[in-house]
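What follows is the residue order along each chain.
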Amino acid sequence: GAGVSQSPSNKVTEKGKDVELRCDPISGHTALYWYRQSLGQGLEFLIYFQGNSAPDKSGLPSDRFSAERTGGSVSTLTIQRTQQEDSAVYLCASSLSSGEANEKLFFGSGTQLSVL
Amino acid sequence: AQSVTQPDIHITVSEGASLELRCNYSYGATPYLFWYVQSPGQGLQLLLKYFSGDTLVQGIKGFEAEFKRSQSSFNLRKPSVHWSDAAEYFCAVGARGYQKVTFGTGTKLQVIP
């Protein structure tokens, strides 16, 4: 596609439910990143993929959070048993990077998650 | 591990005035440094980046940034701000040989007429 696509754009869920957030990176981009943006917190790193592998999962806040990437393309971020503090904008980015953080990141428009 | 600090949460400048947004990083060697902008209702866009060489880098929309190793800084500047520059600005750092990019907490810029 022309850009990074994220779905849904908005998700409202009840506390305790599971949610899945999807990211479609730019075709050919080997690197894929997930960030969380909360008010006053900036962009909080969650995880990145190189191909289908996730060398760094250090940013995942708890074991309720998981992510996978298949076929070197689409990625899904899953949050189990959502809590109110999970409410935020979840941003996905992709790049041509093949192991170095020297490539421009292309960001999607994000998924606004609201946990009631 | 690398980290980045943006000490100013919010800055207000008059249209036509000069602008400097501060960014300090923590990393043992020369990092990769970036500035991104997030305009209202729009996604994050790269303004400029520094890898090596000339410490003054030019970006889009008339922005520039200067890498100062002695101060561990990478401040963003613009000589004359336009109302359309109102946005949130993020400094980011990447470590060599590593793919992770770490962002700061952002500086929200307000431009008054």
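Small disclaimer: the values here were computed from a predicted structure and weren't measured.

Peer 1: Run through the overall build of chain B, naming residues and quoting values.
Peer 2: If you tally the helices and strands in chain B, you get 0 helices and 12 strands. The N-to-C order of helical and strand elements in chain B reads β-β-β-β-β-β-β-β-β-β-β-β. The globule rule puts the C-alpha radius of gyration for 113 residues at 13 Å, and the 13 Å found for chain B is close to it. Counting only residues that meet the buried cut, chain B has 49% of its 113 residues in that class. Here chain B displays about 5200 Å² of accessible surface, and carbon together with sulfur accounts for 50% of that area.

Peer 1: Please give an account of the sheet that holds strand β8 (residues 75-79) of chain A that cites residues and values.
Peer 2: All names here are of chain A. Ordered in space as β1-β3-β8-β7, the 4 strands form an open sheet in which the pairing is antiparallel. Looking at the sheet topology across the chains shown, the edges are occupied by β1 (5-7) and β7 (65-69). Within this sheet the neighbouring strands show an average axis-to-axis angle of 15 degrees, counted without direction. Of the strand pairs in this sheet, β1 and strand β3 (residues 19-24) are connected by 3 bridges, and their pairing is antiparallel. Each residue of the ladder has a partner; that of Ser5, found in β3, is Asp24.

Peer 1: Explain the pattern of salt bridges to me, using residue names and the numbers behind them.
Peer 2: Overall, the coordinates contain 8 salt bridges over all chains when judged by the stated rule. Here A:Arg36 makes a salt bridge to A:Glu44, at a shortest N to O gap of 3.0 Å. A relative accessible area of 9% means that A:Arg36 is categorised as buried. In this structure, B:Arg77 and B:Glu64 form a salt bridge, with 3.2 Å as the shortest nitrogen-oxygen distance. With B:Arg77 in strand β9 (residues 73-78) and B:Glu64 in strand β8 (residues 64-68), the pair connects residues that are 13 residues apart, well separated along the chain. The exposure class assigned to B:Arg77 is partly exposed, which follows from its relative accessible area of 22%. In this structure, a network of salt bridges that share partners links the residues B:Glu64, B:Glu66 and B:Arg77.

Peer 1: Which residues make up the layout of surface pockets, and what values do they have?
Peer 2: If you add up the space inside the largest pocket, you get close to 300 Å³. Every residue lining the largest pocket is counted, 16 residues in all, and those nearest its centre are A:Gln37, A:Ser38, A:Leu39, A:Gly40 and B:Glu88. Among the secondary structure elements, those contributing two or more residues to the lining of the largest pocket are β4 (31-38) and β9 (88-95) of chain A together with β10 (87-94) of chain B. A class-by-class count of the residues in the lining of the largest pocket yields 5 nonpolar, 9 polar and 2 charged. For the second largest pocket, the calculated volume is near 240 Å³. Lining the second largest pocket are 14 residues, with B:Gln38, B:Ser39, B:Pro40, B:Gly41 and B:Gln42 sitting closest to its centre. Of all the secondary structure elements, the ones that give two or more residues to the lining of the second largest pocket are β9 of chain A together with β10 of chain B. A class-by-class count of the residues in the lining of the second largest pocket yields 4 nonpolar, 8 polar and 2 charged.

Peer 1: Help me get a handle on the pairing of strand β12 (residues 107-112) of chain B, residues and values and all.
Peer 2: All names here are of chain B. Here β12 shows a clear split, with Thr107, Leu109 and Val111 buried on one side and none of Lys108, Gln110 and Ile112 buried on the other. Bridge analysis of strand β2 (residues 10-14) against β12 gives 5 bridges, and the strand direction is parallel. Bridge pairing in β12 links Ser14 to Ile112. Sheet topology places β10 next to β12; 3 bridges connect them, and they run antiparallel. From the neighbouring strand, Glu88 faces β12, where its bridge partner is Lys108.

Peer 1: Tell me what's going on with the interface of chain A and chain B, and back it up with residues and numbers.
Peer 2: The interface of chain A with chain B comprises 25 residues on the first partner and 21 residues on the second. For the pair chain A and chain B, the two sides together bury roughly 1800 Å², of which 54% comes from carbon and sulfur. There are 10 residue pairs in polar contact (both at pLDDT 80 or more) connecting chain A and chain B. Across the side of chain A that touches chain B, the residue classes tally to 11 nonpolar, 10 polar and 4 charged.

Criteria and thresholds
- Residues numbered from 1 in each chain as written.
- Chains lettered and ligands numbered in written order.
- Predicted model: local features only at pLDDT ≥ 70, side-chain atom pairs only at ≥ 80, totals over all residues.
- Heavy atoms only, no water.
- Helix = DSSP H or I, 4+ residues; strand = E, 2+ residues; numbered from the N terminus.
- Rg over C-alpha atoms; globule rule 2.2 N^0.38 Å.
- Buried < 20%, exposed > 50% of the residue type's maximum accessible area, 1.4 Å probe, protein only.
- Areas by Shrake-Rupley, 256 points an atom, 1.4 Å probe, with all protein chains shown as cover.
- Pairing = 2+ DSSP bridges.
- Axes fitted to C-alpha atoms, helices over the stretch in contact; angles between N-to-C directions.
- Salt bridge = Lys/Arg side-chain N within 4 Å of Asp/Glu carboxyl O.
- 1 Å grid on protein atoms, 1.4 Å probe; cavity = no way out; pocket = protein on both sides within 12 Å on 5 of 7 lines; lining within 4 Å.
- Points joined across faces, edges and corners; volume = space filled by probe spheres on them.
- Nonpolar A, V, L, I, M, F, W, Y, C, P; charged D, E, K, R; others polar.
- Contact = heavy atoms within 4.5 Å.
- Buried area = accessible area lost by both parts, 1.4 Å probe.
- Polar contact = N/O pair within 3.5 Å; in protein donor to acceptor, adjacent residues only side chain to side chain.

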